[in-house]
2 protein chains.
Amino acid sequence: MLSHAEENYLKAMFHLTTMAESSNETGTNALASYLDVTPATVNDMLKKLKEKDLVSYEKYRKITLTQKGKDYAVDIVRRHRLWETFLYEKLDFSWDEVHEVAEQLEHIKSKKLIEQLEKFLDYPVTDPHGDPIPNAKGKIKYQKRKTLAEIPIGSICKLVAVKDTSASFLQYAMKIGLGLSSTIEILNRHEFDGSIEIKVNKSRSTVSLKFAENLFVV
Amino acid sequence: MLSHAEENYLKAMFHLTTMAESSNETGTNALASYLDVTPATVNDMLKKLKEKDLVSYEKYRKITLTQKGKDYAVDIVRRHRLWETFLYEKLDFSWDEVHEVAEQLEHIKSKKLIEQLEKFLDYPVTDPHGDPIPNAKGKIKYQKRKTLAEIPIGSICKLVAVKDTSASFLQYAMKIGLGLSSTIEILNRHEFDGSIEIKVNKSRSTVSLKFAENLFVV
DNA sequence: TAATAAAGTTAGGTAAGCCAAACAAATATT
DNA sequence: AATATTTGTTTGGCTTACCTAACTTTATTA
Ligand SMILES: [Mn+2]
Ligand SMILES: [Mn+2]
Ligand SMILES: [Mn+2]
Ligand SMILES: [Mn+2]
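Residues numbered from 1 in each chain as written. Chains lettered and ligands numbered in written order. Predicted model: local features only at pLDDT ≥ 70, side-chain atom pairs only at ≥ 80, totals over all residues. Heavy atoms only, no water.

**Side note on the sheet that holds strand E6 (residues 196-200) of chain A**
Residue and element names in this part refer to chain A.
Argument step 1. Spatially, E3-E8-E4-E5-E6-E7 is the arrangement adopted by the six strands of the open sheet, whose pairing is antiparallel. In the strand order of this sheet, the two ends are held by strand E3 (146-147) and strand E7 (203-207), each with one partner.
Argument step 2. Where strand E4 (residues 156-162) lies against strand E5 (residues 183-189), three bridges are found, and the strand directions are antiparallel. From the neighbouring strand, cysteine 157 faces E5, where its bridge partner is isoleucine 184. (Pairing = 2+ DSSP bridges. Helix = DSSP H or I, 4+ residues; strand = E, 2+ residues; numbered from the N terminus.)

Here's what the structure looks like:
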């Protein structure tokens, strides 16, 4: 049974490796800045996690999760996303409010709790941000997703997920009328800075390239 | 914002004073044995809680909660009982399983969470053990309750709450057919050891005085 | 009241999780 | 290849929440 802190490190590693597909390995500094602690602190913790066979790590080398570490991390992600779904579906939390509370709830230790919660929510497949919820066996159904930035002019697409889940990003998205399943029409694209004119619910907005890259659509 | 540990001390004090009506004050040893830590540890914590104006305490003297401490404790009890109700009502937890998980859930920090949870549960007034749930303002509706041990032979009464909420006690209660709202008929009482013959759901059992003292009935 | 028992306190110590500052290794740049 | 920069590590120190063992005060009982 791991501590809150240990679980947070595993989840952070999972996000920086397996999930942010890129490279599968990460480093002390990256983890430190992701978790908002110092590299020294990360270093201490890595020794403990290595001892428990959750990460593989040699001094001055890159860090990866072991299979055991990966399995554990997926379970934390599962708990997090189920709680987000509960807050959103049952307790009227908004898109941008769920994350903070789920960060706490994900650490509650009870197998039965999570299984019953999943059942109560009727086995949801995605969380309020459109991210897939791993099943009890740790299986994650990834769907290939394009960002809004890749869609050609004139197309109509549907928002299925968001990359950034910070409150400020989500609040901005809500402000221009965007929610999960919103229909988006691409009206025009300014080559100059990559900004895009879109239509959502009959209202037009111009959004930056950076913003568009954080919206996943089909 | 208090730590898990600090919250646990406040709740323990509340149980040992205000709730277990008796004396309104308690001591280092009583707290230590209730929380399963050493008196030395309690002593350390008491100094911290005094600093924060949550308990009033002078060296070698008895300990009481301040009004501030009492208010905080009631809020923890409220959270605990709302979560127990949620687990029991919505997630199919049994009588004896709710407490352990609620011990963890009660520490989640989010005002909105508790208010929405209460709303979602439709403002319940008692938890699965029959104990009153404080409202958002900290008001607790106590009902005067007798124990089964005080009921005369021949009477019929209804179980409204249990004093002991340990899994072993609750499992035994379930085994002889008892649940909240069960109807109990007192058939006979053995003066010798105080044990009582009762009928629940048409089946007879003989229970000890100690057991009877842990059942509240009307 | 004096001795004994019980209750409470203090001193010194541990592990977890964090930090800053000094240092070492690896990588990038010239 | 030499140097500079980035990345990672070590050391010593801090706080919280625990502990044991020795001690002091208060309460009980002879
Ligand atoms: Mn989240
Ligand atoms: Mn999410
Ligand atoms: Mn309980
Ligand atoms: Mn209860």
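**Thoughts on the coordination of the manganese ion (ligand 2)**
Argument step 1. Looking at the metal site, the manganese ion (ligand 2) is ligated by Glu84 of chain A (OE), Asp127 of chain A (OD) and His129 of chain A (ND1), spaced 2.1 to 2.3 Å from it.
Argument step 2. Along the chain, the residues donating to the manganese ion (ligand 2) are arranged with the sequence spacing E-x42-D-x1-H. (Donors = N, O, S within 2.8 Å, 3.2 Å for Na, K, Ca; no water.)

**Some thoughts on the pairing of E4 of chain A**
Residue and element names in this part refer to chain A.
Argument step 1. Counting buried positions along E4 gives five out of seven residues, so the element sits mostly inside the fold.
Argument step 2. As paired strands, E4 and strand E8 (residues 215-217) are joined by three bridges and run antiparallel to one another. Across the sheet, residue alanine 161 finds its bridge partner in E8, namely phenylalanine 216. (Buried < 20%, exposed > 50% of the residue type's maximum accessible area, 1.4 Å probe, protein only.)

**Re the side chain of threonine 147 of chain A**
All names here are of chain A.
Argument step 1. Residue position: threonine 147 is located in strand E3.
Argument step 2. Residue classification places threonine 147 among the buried positions, given a relative accessible area of 9%.
Argument step 3. Apart from the residues within four sequence positions on either side, threonine 147 is in contact with Ala212, Glu213, Leu215, Phe216 and Val217. (Contact = heavy atoms within 4.5 Å.)

**Considering the relation of the copies chain A and chain B**
Argument step 1. In the superposition of chain A on chain B (RMSD 0.1 Å, axial shift 0.0 Å), the rotation amounts to 180 degrees. On this basis, the relationship between the two copies can be described by a two-fold rotation axis. In terms of proximity to the rotation axis, the leading residue of chain A is leucine 105 of chain A, whose C-alpha is 3.8 Å off the axis.
Argument step 2. Comparing contact sets, 100% of the residues at the interface of chain A also lie at the interface in chain B, consistent with an isologous, same-surface contact. (Least-squares fit on C-alpha atoms with pLDDT ≥ 70 in both.)

**Let's talk about the nonpolar core**
Argument step 1. Residues Trp83 and Leu87 of chain A together with Trp83 and Leu87 of chain B are the most contacted members of the largest nonpolar core, which totals 32 residues.
Argument step 2. Of all the secondary-structure elements, those providing two or more residues to this core are helix H4 (67-90), helix H5 (98-105) and helix H6 (111-120) of chain A together with helix H4 (67-90), helix H5 (98-105) and helix H6 (111-120) of chain B.
Argument step 3. Excluding anything up to four places from it in sequence, leucine 87 of chain A contacts Asp92, Phe93, Val98, Val101, Ala102 and Leu105 of chain A together with Leu113 of chain B. (Core = buried A, V, L, I, M, F, W, Y, C linked by side-chain atoms within 4.5 Å.)

**Quick notes on the protein's contact with DNA strand C**
Argument step 1. Looking at DNA strand C, there are 24 residues lining it, with Ser3 and Lys48 of chain A together with Asn43, Tyr57 and Lys59 of chain B nearest.
Argument step 2. The share of sugar and phosphate among atoms of DNA strand C within 4 Å of the protein is 78%.
Argument step 3. One of the side-chain nitrogen or oxygen atoms of serine 3 of chain A is found 2.6 Å away from a phosphate oxygen of DNA strand C.
Argument step 4. One of the side-chain nitrogen or oxygen atoms of lysine 47 of chain B is found 3.0 Å away from a phosphate oxygen of DNA strand C.
Argument step 5. The leading source of residues in the surface near DNA strand C is helix H3 (residues 39-51) of chain A, at five residues.
Argument step 6. A breakdown of the residues in the surface near DNA strand C according to their chemical character gives ten nonpolar, seven polar and seven charged. (Near = heavy atom within 4 Å. Polar contact = N/O pair within 3.5 Å; in protein donor to acceptor, adjacent residues only side chain to side chain. Nonpolar A, V, L, I, M, F, W, Y, C, P; charged D, E, K, R; others polar.)

**A word on the side chain of threonine 17 of chain B**
Residues and elements named next belong to chain B.
Argument step 1. Examined against the element boundaries, threonine 17 turns out to sit in helix H1 (residues 4-19).
Argument step 2. Only 3.4 Å separates the side chain of threonine 17 from the side chain of threonine 18, close enough to count as a polar contact.
Argument step 3. Residue contacts for threonine 17: discarding those within four places in its chain leaves Asn24, Glu25, Thr26 and Leu65.

**Side note on the coordination of the manganese ion (ligand 4)**
All names here are of chain B.
Argument step 1. At the metal site, the manganese ion (ligand 4) is ligated by Glu84 (OE), Asp127 (OD) and His129 (ND1), and these contacts range over 2.1 to 2.3 Å.
Argument step 2. Each donor residue of the manganese ion (ligand 4) belongs to the same chain, with the gaps between them written as E-x42-D-x1-H.
Argument step 3. Aspartate 127 gets classed as buried once you look at its relative accessible area, which sits at 3%.
Argument step 4. On the basis of relative accessible area, histidine 129 is assigned to the buried category, the value being 1%.

**Some words on the packing of helix H2 (residues 28-35) of chain A against H3 of chain A**
All names here are of chain A.
Argument step 1. Two numbers describe how H2 lies on H3: the axes approach to 8 Å, and their chain directions differ by 110 degrees. Taken together, H2 and H3 sit at an angle that is classed as roughly perpendicular. Across the interface between the two elements, Thr28, Asn29, Leu31 and Ala32 from H2 touch Pro39, Val42, Asn43 and Leu46 from H3.
Argument step 2. Its residues assigned to classes, the contact of H2 with H3 shows five nonpolar, three polar and no charged. (Axes fitted to C-alpha atoms, helices over the stretch in contact; angles between N-to-C directions. Parallel < 35°, antiparallel > 145°, perpendicular 65-115°, else oblique.)

**Focus on unusual backbone geometry**
Residue and element names in this part refer to chain B.
Argument step 1. With a phi angle near 75 degrees, asparagine 24 is a residue other than glycine that sits in the positive phi range.
Argument step 2. Relative to the helices and strands, asparagine 24 resides in the loop between H1 and helix H2 (28-35).
Argument step 3. For asparagine 201, which is not a glycine, the phi torsion comes out positive at approximately 50 degrees.
Argument step 4. In this structure, asparagine 201 sits in the loop between strand E6 (196-200) and strand E7 (203-207).

**What about the pairing of E5 of chain A?**
All names here are of chain A.
Argument step 1. As judged from the five bridges shared by E5 and E6, these two strands associate in the antiparallel manner. Counted as the bridge partner of arginine 189 is isoleucine 196 from E6.
Argument step 2. Between E5 and E6, which pair antiparallel in sequence order, lie six residues; one of them, glycine 194, sits at a positive phi of approximately 80 degrees.

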